[in-house]
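The residues making up each chain are set out below.
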Amino acid sequence: MNSEAFQIAITLFGGLCVFIYGMNLMSDGLQKAAGEKMRAILAMLTKNAVIGVLAGTIVTAVLQSSSATTVMVIGFVSAGLMTLRQAVSIILGANIGTTVTAQLIAFDIGDYAWVFVVIGFVMYFFLGKKESIVNVGQTLFGFGLLFVGINIMGDTMKPLAATPQFAELMLNVSDSPIVGAVIGAIATAVVQSSSAVIAVIQNLASQAGPDGVSSVIGLAGAIPILCGSNIGTTITAAFAAIGASTPAKRTALAHTCFNVVGSVICLVFLKPYAMLITAISPSGAELDVISRQIANAHMCFNIIAVLVFLPCIGLLVKLVEFVIKEKEGEEKTPNAPIYLDFNIVDQPVFAIHLACKEISRIGEFALKMVDEAKKAFIDADAEASARVFELEDIVNSLQGATSKYLSSMFQNDTITAYQSKELSGLLHIAGDIEHIGDYCKNIAEFANEKIATGYDFSDSAYAEIYESFDQVTRMIKDTIKMFETRDLKLAQDILEQEEQVNANEIRLRGMHMKRLESGKCSPEFTVIYTDIIHNIEKIGDSCTNIAQIILADFDNKKAPAAM
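Residues numbered from 1 in each chain as written. Predicted model: local features only at pLDDT ≥ 70, side-chain atom pairs only at ≥ 80, totals over all residues. Heavy atoms only, no water.

What about the overall build of the protein chain?
On a plain count of helices and strands, the protein chain comes out with 23 helices and zero strands. Counting only C-alpha atoms, the protein chain reaches 110 × 55 × 45 Å along its principal axes. Considering only contacts within the protein chain whose residues lie at least 6 apart along the sequence, 81% involve residues at least 24 apart. For the protein chain, the accessible surface area stands at approximately 24600 Å², while carbon and sulfur atoms represent 63% of it. Once the 39 positive and 56 negative side-chain charges of the protein chain are each reduced to a mean point, those two points are 4 Å apart. (Helix = DSSP H or I, 4+ residues; strand = E, 2+ residues; numbered from the N terminus. Contact = heavy atoms within 4.5 Å. Areas by Shrake-Rupley, 256 points an atom, 1.4 Å probe, with all protein chains shown as cover. Lys, Arg positive; Asp, Glu negative; His and termini not counted. Charge placed at Lys NZ, Arg CZ, Asp CG, Glu CD.)

As structure tokens, then:
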């Protein structure tokens, strides 16, 4: 390779790098700007198929990546939060959403790229008093860099496209749709972005061949590469499904089937499809309209595919279920997380949602621990005591995994100031639930001591302990519900319940002292009795801590975000 060829190659690659960086920067800015609005989109994901397509389109338009949306959906299916049918509808919408970038590129705004860069830069770096301004600035800055990358590639391609050798190469690609599809698939698998590949094709097609008039590749040559790109984009989802659950593998296969079948049909009807796109696109000189034609070909291909496949979702689901059979004994062990998915930690809204589901699950295990600790002590049940220790191992394991998952998100540039505070709160909540397990373990140890020594309490002492357990059991149930629903009224109620638990501990200590004075209770039981009551009260403290975090979270939402 001579120095001139090397210079062309490295400049083309550099322009592509700037484009991809700008697109990712714009995506991060959009995610931050959308912020909590993404939660509303999340609620749409479980609606009917048509709503699923709409949600998939919107999410992908924000994430700027159908692969990212598909990986997110695979995580949700694997966690049992979404059915395969719902997932397929969202993936259909994701393929429409990914066409937005091509449509933006087709607008002739490359001459204004530096305007967007400058405005975005000033907002991003110098007007950052409000997070919302920073997010908009980042989006504009990334948008401008996207077009800077396109301009760099375009300037480099002009002399290259005019050479007879390159024109002959492009002619060979145009004459062989299969070769074009393979090139599109491989290129997309390598750069992990169908939008980037399509942007390159739009830019390349806008260059004149040796005749100075015709596109170097033309619409009929570009469409097969688009089809191949749609196939190549399934690679990311396929990798995400490796080692995942059967539903996750089925989701990835459904994505592949949809894209491959649609692409093959498009290749079969390549000439009439190209004629259709030419007819519905703006008229004019080929070099002036080819970029818009490619964008329209990409969008129409995916819209038509969705309209064809949408009524057949049920058949597609049955097909992938037939191909990938359910495996026996696939269920995860209790101490393995079922909701956490590290593939989507760079999508904070969705990753936080999964973490919250796992924390709720840990809370349910802690609730079981309280019930078993109660049986262990009051009924002198050694088996219940053993179950407390088993459950404590599960709670510790899940809390550790969840804390690691939450902590990993702090390294993500896409988290907002509010999300950072939310992550800190969730880490504390997971820790407080783990503390509930510790207190139950203490009670189980007291139960074992009671069983070993043959201690027995008076009926009134048992009744008091039973009452205390019932109090904190109700608190934990309310805490889990409050955490899941963000019910602020319930959070305030938990604070009031904590006051009752504290008052109850003081009252029971006093009643125990009276029994000691009257000789109705043995002095050697005092330590165990007071320790049991104190550990129960500490369970109430943990519930209160969680309620206070939720109330603080609500206050953070109301407060204006500042940098």
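Here's the deal with unusual backbone geometry
The phi dihedral of Q192 is positive, around 60 degrees, even though this residue is not glycine. Within the element layout of this structure, Q192 appears in the loop between helix 10 (177–191) and helix 11 (194–205). Here Q192 falls in the partly exposed class, since its relative accessible area comes to 37%. Non-glycine residue R486 carries a positive phi angle of around 55 degrees. Within the fold, R486 resides in the loop between helix 21 (459–485) and helix 22 (488–518). (Buried < 20%, exposed > 50% of the residue type's maximum accessible area, 1.4 Å probe, protein only.)

Here we look at the pattern of salt bridges
Summed over the entire model, instances satisfying the criterion amount to six salt bridges. For the salt bridge of R361 with E358, the shortest nitrogen-to-oxygen distance reads 2.7 Å. Here R361 pairs with E358, and both are found in helix 18 (residues 348–378), just three residues apart, close to one helical turn. (Salt bridge = Lys/Arg side-chain N within 4 Å of Asp/Glu carboxyl O.)

A look at the packing of aromatic side chains
One pass over the full model with this rule turns up 11 aromatic pairs. Between F76 and F350, the ring centres sit 6.2 Å apart and the planes meet at 75 degrees, which makes this aromatic pair edge-to-face. In this pair, F76 sits in helix 4 (residues 66–78) while F350 sits in helix 18, placing the two residues 274 residues apart along the sequence. Exposure remark for F350: the relative accessible area of 1% places this residue in the buried category. Ring centres 5.0 Å apart and planes at 75 degrees place the aromatic pair F143 and F147 in the edge-to-face group. Of this pair, F143 and F147 are both found in helix 8 (residues 131–161), four residues apart, which corresponds to roughly one turn of the helix. (Phe/Tyr/Trp six-rings, centres within 6.5 Å; stacked < 30°, edge-to-face > 60°.)

Topic: the packing of helix 11 against helix 16 (residues 286–309)
Where helix 11 meets helix 16, the axes come as close as 8 Å, and the angle between the chain directions of the two elements is 155 degrees. As far as their axial angle goes, helix 16 and helix 11 are roughly antiparallel. Viewed along their axes, helix 11 and helix 16 form a crossing whose handedness is right-handed. Judged by residue contacts, I198, I201, Q202 and A205 of helix 11 engage L287, I290, S291, I294, A295 and H298 from helix 16. Here the residues of the contact of helix 11 with helix 16 are counted per class, giving seven nonpolar, three polar and no charged. (Axes fitted to C-alpha atoms, helices over the stretch in contact; angles between N-to-C directions. Parallel < 35°, antiparallel > 145°, perpendicular 65-115°, else oblique. Left-handed = near helix turned anticlockwise from the far one by under 90°. Nonpolar A, V, L, I, M, F, W, Y, C, P; charged D, E, K, R; others polar.)

Some points on the side chain of K32
Looking at where K32 falls in the secondary structure, it is placed in helix 1 (residues 3–34). Setting aside anything within four residues of it in sequence, one finds K32 in contact with N135, Q138, D413, T414, I415 and T416.

Considerations on empty space enclosed by the protein
A full pass over the atoms with the stated rule returns four cavities of 30 Å³ or more. Approximately 100 Å³ is the volume found for the largest cavity. If you go around the largest cavity, you meet 13 residues; those closest to its centre are G363, I433, T479, I480 and I546. Sorting the residues of the lining of the largest cavity by element identifies helix 18, helix 20 (417–453), helix 21 and helix 23 (526–558) as the ones contributing at least two each. Tallied by class, residues from the lining of the largest cavity come to 10 nonpolar, three polar and no charged. Considering only enclosed or pocket space, the second largest cavity measures out at about 60 Å³ in volume. The wall of the second largest cavity is formed by Q31, K32, M38, L63, Q347, P348, V349, F350, T414, T416 and Q419. Going through the elements one at a time, helix 1 and helix 18 are the ones with two or more residues in the lining of the second largest cavity. (1 Å grid on protein atoms, 1.4 Å probe; cavity = no way out; pocket = protein on both sides within 12 Å on 5 of 7 lines; lining within 4 Å. Points joined across faces, edges and corners; volume = space filled by probe spheres on them.)

What to know about the packing of helix 13 (residues 234–241) against helix 14 (residues 246–268)
Orientation of helix 13 relative to helix 14, taken along the N-to-C sense of each, is 165 degrees, at an axis distance of 8 Å. Classed by the angle they form, the pair helix 13 and helix 14 counts as roughly antiparallel. Crossing hand, helix 13 versus helix 14: left-handed. Contacts from T234, A237, A238 and A241 in helix 13 reach A248, K249, A252, H255, T256 and N259 in helix 14.

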